[in-house]
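Observations on the three-dimensional arrangement
Chain residues, written in single-letter form:
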Amino acid sequence: MAKLYRAIERVTFADGRRSLEMGEVDSLKGVTKKGIQVLMKKGAIAPVSSPPLKILPGWERKAEVLKEAKIEDVEDLLTADLPEVAKELEVSLEGLEEAADQARQWIEA
Amino acid sequence: MPRTTEALSFVAADVEVSQDGITWVDLSCYGTSIAVTGGDRGTGEINVFCDERPIVRAGKKASQDLTIRYAYTEEVTGPFEQMRNWDDAVGGQIYARYWPAGRVAGNFVFETGRAIITSFQDPGGEAGSGDPVLGEIVVKTEELTKSVWVS
């Protein structure tokens, strides 16, 4: 099953987290498999295919570094435990979060 | 084209209100009706000498009002007491949301976002009537947003 989904309709969560606006991409972490199936059947979300990080413009070096933590595509980055990855790669968490934001913006564009 | 089989009634709707958008009060077992008004788009028009028809242009949309009627009770933690306190608070802030087809994953939910209580009616009634007393609250919102609900 895909791990990233694009909101085709606005989605509101029962657990009170921020609603997913149309066009946003999210891993839907915490949503049950049945919940995801219901959303897909409703046409509210669609799975997103995840490009490898090395094809993002200017990301050749970043992709090489992240590969050491087995993060190779956008999906891997957006679903990773960033604090753990920052510790493993000995990089700043802020920089990693910024990279994840960039990747998210790229895939949402 | 054959008539739709997807029409639904409002009998199984759910409705909730909140003062902060975080902690919600379920009104579903008190609520009796929800009415939505407003949201009309303004228009402007002029006539010119050479043509009988007007020139019509679109303006902006107006705010929307949500009127919720519910069974009045005197429970200490009942919705009447809670919403009356919210109406008394400065600004009368409130959030409201409702599911026409019920609070089930995959159904639509309509949300006011941060809204304002514009009217809160204390109870009234008639001597001869056996009808349960109703309370009414009117909420003004910039717009009702529609989302798909997921649990």
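Before any of the text, the structure's been laid out above.
So, a few notes on the structure that sits alongside this text.

Each value, and the rule that gives it
Residues numbered from 1 in each chain as written. Chains lettered and ligands numbered in written order. Predicted model: local features only at pLDDT ≥ 70, side-chain atom pairs only at ≥ 80, totals over all residues. Heavy atoms only, no water. Salt bridge = Lys/Arg side-chain N within 4 Å of Asp/Glu carboxyl O. Helix = DSSP H or I, 4+ residues; strand = E, 2+ residues; numbered from the N terminus. Buried < 20%, exposed > 50% of the residue type's maximum accessible area, 1.4 Å probe, protein only. Phe/Tyr/Trp six-rings, centres within 6.5 Å; stacked < 30°, edge-to-face > 60°. Lys NZ or Arg CZ within 6 Å of the ring centre and 35° of its normal. Pairing = 2+ DSSP bridges. Contact = heavy atoms within 4.5 Å. Axes fitted to C-alpha atoms, helices over the stretch in contact; angles between N-to-C directions. Polar contact = N/O pair within 3.5 Å; in protein donor to acceptor, adjacent residues only side chain to side chain.

Evaluation of the coordinates by the stated rule reveals 14 salt bridges over all chains. Measuring nitrogen to oxygen at the nearest pair gives 3.1 Å for the salt bridge that ties A:E9 to B:K146. Residue A:E9 is located in the loop between β1 (5-7) and β2 (11-13), and its partner B:K146 is located in strand β11 (residues 145-150); the two belong to separate chains. The exposure class assigned to B:K146 is partly exposed, which follows from its relative accessible area of 34%.

Residues and elements named next belong to chain B. For the structure shown, the criterion picks out five aromatic pairs over all chains. Taking 4.8 Å as the distance between ring centres and 85° as the angle between the ring planes, the aromatic pair formed by Y72 and F80 counts as edge-to-face. Their ring planes at 35° and their centres at 5.5 Å tell us that F80 and F120 sit as a pair that is tilted. With F80 in helix α1 (residues 79-88) and F120 in strand β9 (residues 115-121), the pair connects residues that are 40 residues apart, well separated along the chain. We note that F80, like F120, is buried. Grouped by ring-pair contacts, the aromatic residues F10, Y98 and F110 constitute a single cluster. One cation-aromatic arrangement involves K146 over F108; the distance from NZ or CZ to the ring centre is 4.2 Å.

This part covers the sheet that holds strand β3 (residues 25-26) of chain A. All names here are of chain A. Taken together, the three strands give an open sheet; going across it, the order is β3-β1-β4, and neighbouring strands pair in antiparallel fashion. Strands at the two margins of the open sheet, each flanked by one partner only, are β3 and β4 (45-47). Pairing analysis gives three bridges linking β1 to β4, with the strands arranged antiparallel. Across the sheet, R6 pairs through a bridge with A46, a residue of β4. Contacting β1 and β4, helix α1 (residues 33-42) crosses the sheet at an angle of about 105° to β4.

All names here are of chain A. Considering the arrangement of structural elements, one finds E24 in the loop between β2 and β3. Among the polar contacts listed, one links the side chain of E24 to the side chain of R18, at a separation of 3.2 Å. If sequence neighbours within four positions are ignored, E24 has contacts with Y5, R6, A7, R18, S19 and E108.

Next up on the list: the pairing of strand β6 (residues 64-71) of chain B. All names here are of chain B. Most of β6 is tucked away: six of the eight residues are buried. When strand β3 (residues 31-38) meets β6, the two strands line up antiparallel, connected through seven bridges. Paired with S33 across the two strands is R69, which belongs to β6.

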